[in-house]
Amino acid sequence: MSPSLEEASSRTDPKNKSISDMPITDTYENSADTACIDSERTLRYAGALCAQGKSAQAKSMCSEIFAADPTRADALTLLATIAFHERDYEGALDALRRAARSNGNQAVTHFNIGVALRELGRFDEEIAAYDDALAVHPRFFESWFNRGTVLRATGRHRDALASGDEAIAIRP
(Lines give C-alpha, C1' and ligand atoms only; values in the text may rest on other atoms or scores of the structure.)
Protein backbone atom coordinates (compact mmCIF):
# COMPACT_ATOMS: atom_id res chain seq x y z
CA MET A 1 0.00 0.00 0.00
CA SER A 2 1.33 3.44 -0.86
CA PRO A 3 2.20 5.56 2.16
CA SER A 4 0.28 8.76 2.66
CA LEU A 5 2.11 12.03 3.23
CA GLU A 6 1.44 11.73 6.93
CA GLU A 7 2.84 8.19 7.04
CA ALA A 8 5.91 9.14 5.02
CA SER A 9 6.67 12.18 7.12
CA SER A 10 6.05 10.44 10.44
CA ARG A 11 8.37 7.49 9.88
CA THR A 12 11.46 7.43 11.97
CA ASP A 13 15.09 6.92 11.16
CA PRO A 14 17.22 4.38 13.04
CA LYS A 15 18.07 6.97 15.72
CA ASN A 16 14.34 7.50 16.42
CA LYS A 17 14.32 11.02 15.04
CA SER A 18 11.26 11.99 13.09
CA ILE A 19 12.12 12.28 9.40
CA SER A 20 10.14 15.53 9.23
CA ASP A 21 12.38 16.96 11.98
CA MET A 22 15.59 16.11 10.16
CA PRO A 23 17.50 19.14 8.93
CA ILE A 24 17.66 19.61 5.20
CA THR A 25 21.31 19.67 4.29
CA ASP A 26 22.71 21.70 1.43
CA THR A 27 24.71 18.67 0.34
CA TYR A 28 21.58 16.61 -0.26
CA GLU A 29 19.50 19.46 -1.66
CA ASN A 30 22.19 20.38 -4.17
CA SER A 31 23.05 16.84 -5.11
CA ALA A 32 22.66 16.27 -8.82
CA ASP A 33 22.55 12.52 -8.43
CA THR A 34 19.59 11.53 -6.25
CA ALA A 35 19.19 8.36 -8.35
CA CYS A 36 22.05 6.72 -6.45
CA ILE A 37 20.10 7.05 -3.20
CA ASP A 38 17.60 4.35 -2.35
CA SER A 39 14.22 5.36 -3.79
CA GLU A 40 12.31 4.46 -0.62
CA ARG A 41 14.56 6.71 1.45
CA THR A 42 14.29 9.39 -1.20
CA LEU A 43 10.51 9.18 -1.12
CA ARG A 44 10.48 9.50 2.68
CA TYR A 45 12.80 12.47 2.34
CA ALA A 46 10.48 14.01 -0.27
CA GLY A 47 7.60 13.57 2.18
CA ALA A 48 9.64 15.33 4.86
CA LEU A 49 10.40 18.17 2.44
CA CYS A 50 6.70 18.51 1.71
CA ALA A 51 5.89 18.56 5.42
CA GLN A 52 8.44 21.36 5.81
CA GLY A 53 6.75 23.38 3.07
CA LYS A 54 9.38 22.67 0.42
CA SER A 55 6.92 21.48 -2.21
CA ALA A 56 9.03 22.31 -5.27
CA GLN A 57 11.91 20.17 -4.05
CA ALA A 58 9.57 17.35 -3.03
CA LYS A 59 7.91 17.42 -6.47
CA SER A 60 11.27 17.27 -8.19
CA MET A 61 12.36 14.26 -6.14
CA CYS A 62 9.08 12.42 -6.74
CA SER A 63 9.31 13.07 -10.47
CA GLU A 64 12.85 11.67 -10.49
CA ILE A 65 11.76 8.57 -8.57
CA PHE A 66 8.87 7.92 -10.94
CA ALA A 67 11.02 8.57 -14.03
CA ALA A 68 13.52 5.98 -12.79
CA ASP A 69 10.81 3.48 -11.84
CA PRO A 70 7.37 4.01 -13.41
CA THR A 71 5.88 1.38 -11.10
CA ARG A 72 6.33 3.68 -8.09
CA ALA A 73 2.71 4.68 -7.56
CA ASP A 74 3.68 5.97 -4.12
CA ALA A 75 5.75 8.76 -5.70
CA LEU A 76 2.73 9.75 -7.78
CA THR A 77 0.55 9.67 -4.68
CA LEU A 78 2.89 12.10 -2.95
CA LEU A 79 2.83 14.31 -6.07
CA ALA A 80 -0.98 14.23 -5.86
CA THR A 81 -0.86 15.15 -2.17
CA ILE A 82 1.31 18.14 -2.97
CA ALA A 83 -1.05 19.16 -5.77
CA PHE A 84 -4.03 18.91 -3.37
CA HIS A 85 -2.25 21.17 -0.89
CA GLU A 86 -1.64 23.65 -3.70
CA ARG A 87 -5.30 23.36 -4.78
CA ASP A 88 -4.16 22.08 -8.16
CA TYR A 89 -6.95 19.53 -8.50
CA GLU A 90 -6.27 18.80 -12.19
CA GLY A 91 -2.65 18.06 -11.29
CA ALA A 92 -3.74 15.85 -8.39
CA LEU A 93 -6.19 14.03 -10.64
CA ASP A 94 -3.51 13.45 -13.29
CA ALA A 95 -1.03 12.05 -10.75
CA LEU A 96 -3.68 9.85 -9.13
CA ARG A 97 -4.87 8.44 -12.44
CA ARG A 98 -1.27 7.62 -13.35
CA ALA A 99 -0.89 5.95 -9.94
CA ALA A 100 -4.06 3.94 -10.55
CA ARG A 101 -2.71 2.78 -13.93
CA SER A 102 0.52 1.76 -12.23
CA ASN A 103 -1.16 0.00 -9.30
CA GLY A 104 -4.93 -0.14 -9.70
CA ASN A 105 -5.60 -2.32 -6.69
CA GLN A 106 -5.32 0.56 -4.21
CA ALA A 107 -8.82 1.56 -3.10
CA VAL A 108 -7.51 4.75 -1.52
CA THR A 109 -6.15 5.90 -4.89
CA HIS A 110 -9.58 5.55 -6.49
CA PHE A 111 -11.14 7.27 -3.47
CA ASN A 112 -8.74 10.21 -3.82
CA ILE A 113 -9.54 10.40 -7.54
CA GLY A 114 -13.16 10.86 -6.44
CA VAL A 115 -12.19 13.65 -4.05
CA ALA A 116 -10.27 15.47 -6.80
CA LEU A 117 -13.21 15.08 -9.17
CA ARG A 118 -15.54 16.54 -6.51
CA GLU A 119 -13.32 19.62 -6.28
CA LEU A 120 -13.56 19.91 -10.07
CA GLY A 121 -17.37 19.57 -10.03
CA ARG A 122 -17.33 16.35 -12.08
CA PHE A 123 -19.87 14.46 -10.01
CA ASP A 124 -20.72 11.52 -12.29
CA GLU A 125 -17.02 10.71 -12.62
CA GLU A 126 -16.68 11.13 -8.84
CA ILE A 127 -19.34 8.46 -8.27
CA ALA A 128 -17.57 6.15 -10.72
CA ALA A 129 -14.28 6.64 -8.82
CA TYR A 130 -15.93 5.66 -5.53
CA ASP A 131 -17.41 2.63 -7.30
CA ASP A 132 -13.88 1.72 -8.45
CA ALA A 133 -12.65 2.02 -4.86
CA LEU A 134 -15.50 -0.18 -3.67
CA ALA A 135 -14.71 -2.78 -6.33
CA VAL A 136 -11.27 -3.12 -4.75
CA HIS A 137 -12.40 -2.81 -1.12
CA PRO A 138 -16.17 -3.30 -0.67
CA ARG A 139 -16.11 -2.26 3.00
CA PHE A 140 -14.39 1.08 2.43
CA PHE A 141 -16.59 3.26 4.65
CA GLU A 142 -15.36 6.61 3.31
CA SER A 143 -16.18 5.61 -0.27
CA TRP A 144 -19.71 4.60 0.69
CA PHE A 145 -20.14 7.81 2.67
CA ASN A 146 -18.81 10.13 -0.06
CA ARG A 147 -20.74 8.23 -2.72
CA GLY A 148 -23.94 8.78 -0.74
CA THR A 149 -23.13 12.45 -0.26
CA VAL A 150 -22.61 13.14 -3.96
CA LEU A 151 -25.67 11.10 -4.92
CA ARG A 152 -27.77 13.15 -2.50
CA ALA A 153 -26.30 16.41 -3.80
CA THR A 154 -27.19 15.42 -7.36
CA GLY A 155 -30.77 14.52 -6.48
CA ARG A 156 -30.43 10.72 -6.55
CA HIS A 157 -31.90 10.26 -3.11
CA ARG A 158 -32.81 6.56 -3.31
CA ASP A 159 -29.26 5.62 -4.34
CA ALA A 160 -27.90 8.00 -1.70
CA LEU A 161 -29.90 6.21 0.99
CA ALA A 162 -28.63 2.83 -0.20
CA SER A 163 -25.02 4.09 0.02
CA GLY A 164 -25.73 5.52 3.45
CA ASP A 165 -27.12 2.16 4.58
CA GLU A 166 -23.91 0.46 3.39
CA ALA A 167 -21.80 3.00 5.28
CA ILE A 168 -23.86 2.53 8.46
CA ALA A 169 -23.55 -1.24 8.17
CA ILE A 170 -19.76 -0.82 8.25
CA ARG A 171 -19.68 1.78 11.03
CA PRO A 172 -22.95 1.70 12.98
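Residues numbered from 1 in each chain as written. Predicted model: local features only at pLDDT ≥ 70, side-chain atom pairs only at ≥ 80, totals over all residues. Heavy atoms only, no water.

A. Representation of the side chain of Asn-146 within the structure. Considering the arrangement of structural elements, one finds Asn-146 in helix H9 (residues 141-153). Within the local environment of Asn-146, its side chain forms a polar contact with the side chain of Tyr-130, the two groups lying 3.2 Å apart. In this structure, Asn-146 is in contact with Phe-111, Val-115, Arg-118 and Tyr-130, ignoring residues within four places of it in sequence. (Helix = DSSP H or I, 4+ residues; strand = E, 2+ residues; numbered from the N terminus. Polar contact = N/O pair within 3.5 Å; in protein donor to acceptor, adjacent residues only side chain to side chain. Contact = heavy atoms within 4.5 Å.)

B. Spotlight on the environment of Phe-84. Mapped onto the fold, Phe-84 is located in helix H5 (residues 73-85). Judged by relative accessible area, which is 22%, Phe-84 ranks as partly exposed. In this structure, the C-alpha to C-alpha distance between Phe-84 and Asn-112, residues 28 residues apart in sequence, is 9.9 Å. With residues near it in sequence (within four places) discarded, Phe-84 still touches Tyr-89, Ala-92, Leu-96, Asn-112, Val-115 and Ala-116. (Buried < 20%, exposed > 50% of the residue type's maximum accessible area, 1.4 Å probe, protein only.)

C. Here's a closer look at the nonpolar core. By size, the foremost hydrophobic cluster in this structure holds 28 residues, and its most contacted members are Leu-43, Ala-46, Ala-58, Cys-62, Ala-75, Leu-78 and Ile-113. Those elements giving two or more residues to this core turn out to be helix H3 (39-51), helix H4 (55-68), H5, helix H6 (89-102) and helix H7 (107-119). Among the elements that line this core, the one with the most residues is H5, at eight residues. Within the second largest apolar cluster, eleven residues are counted, among which are Phe-111, Tyr-130, Leu-134 and Phe-141. (Core = buried A, V, L, I, M, F, W, Y, C linked by side-chain atoms within 4.5 Å.)

D. Quick look at the confidence of the model for the protein chain. For the protein chain, per-residue confidence averages 82 on the pLDDT scale, and 78% of positions sit at 70 or higher. Low pLDDT (under 50) marks residues 1-37, which in the prediction has 54 contacts with non-local residues, meaning those over four places away or in another chain. (pLDDT = per-residue confidence, 0-100.)

E. Local environment of the pattern of salt bridges. On inspection of all chains with the given rule, the structure shows eleven salt bridges. Of the charged contacts, one joins Arg-171 and Glu-142 as a salt bridge, the two residues approaching to 3.1 Å between their closest N and O atoms. Linking Arg-171 in the segment after helix H10 (157-170) with Glu-142 in helix H9, this pair joins segments that are 29 residues apart in sequence. The exposure class assigned to Arg-171 is partly exposed, which follows from its relative accessible area of 46%. Owing to a relative accessible area of 30%, Glu-142 belongs among the partly exposed residues under this scheme. (Salt bridge = Lys/Arg side-chain N within 4 Å of Asp/Glu carboxyl O.)

F. Quick look at the packing of aromatic side chains. Per the stated rule, a full pass over the model turns up four aromatic pairs. Between Phe-111 and Tyr-130, the ring centres sit 5.6 Å apart and the planes meet at 40°, which makes this aromatic pair tilted. Pair noted here: Phe-111 is in helix H7 and Tyr-130 is in helix H8 (residues 123-136), with a separation of 19 residues, a long-range link. A single burial state applies to Phe-111 and to Tyr-130, both of which are buried. (Phe/Tyr/Trp six-rings, centres within 6.5 Å; stacked < 30°, edge-to-face > 60°.)

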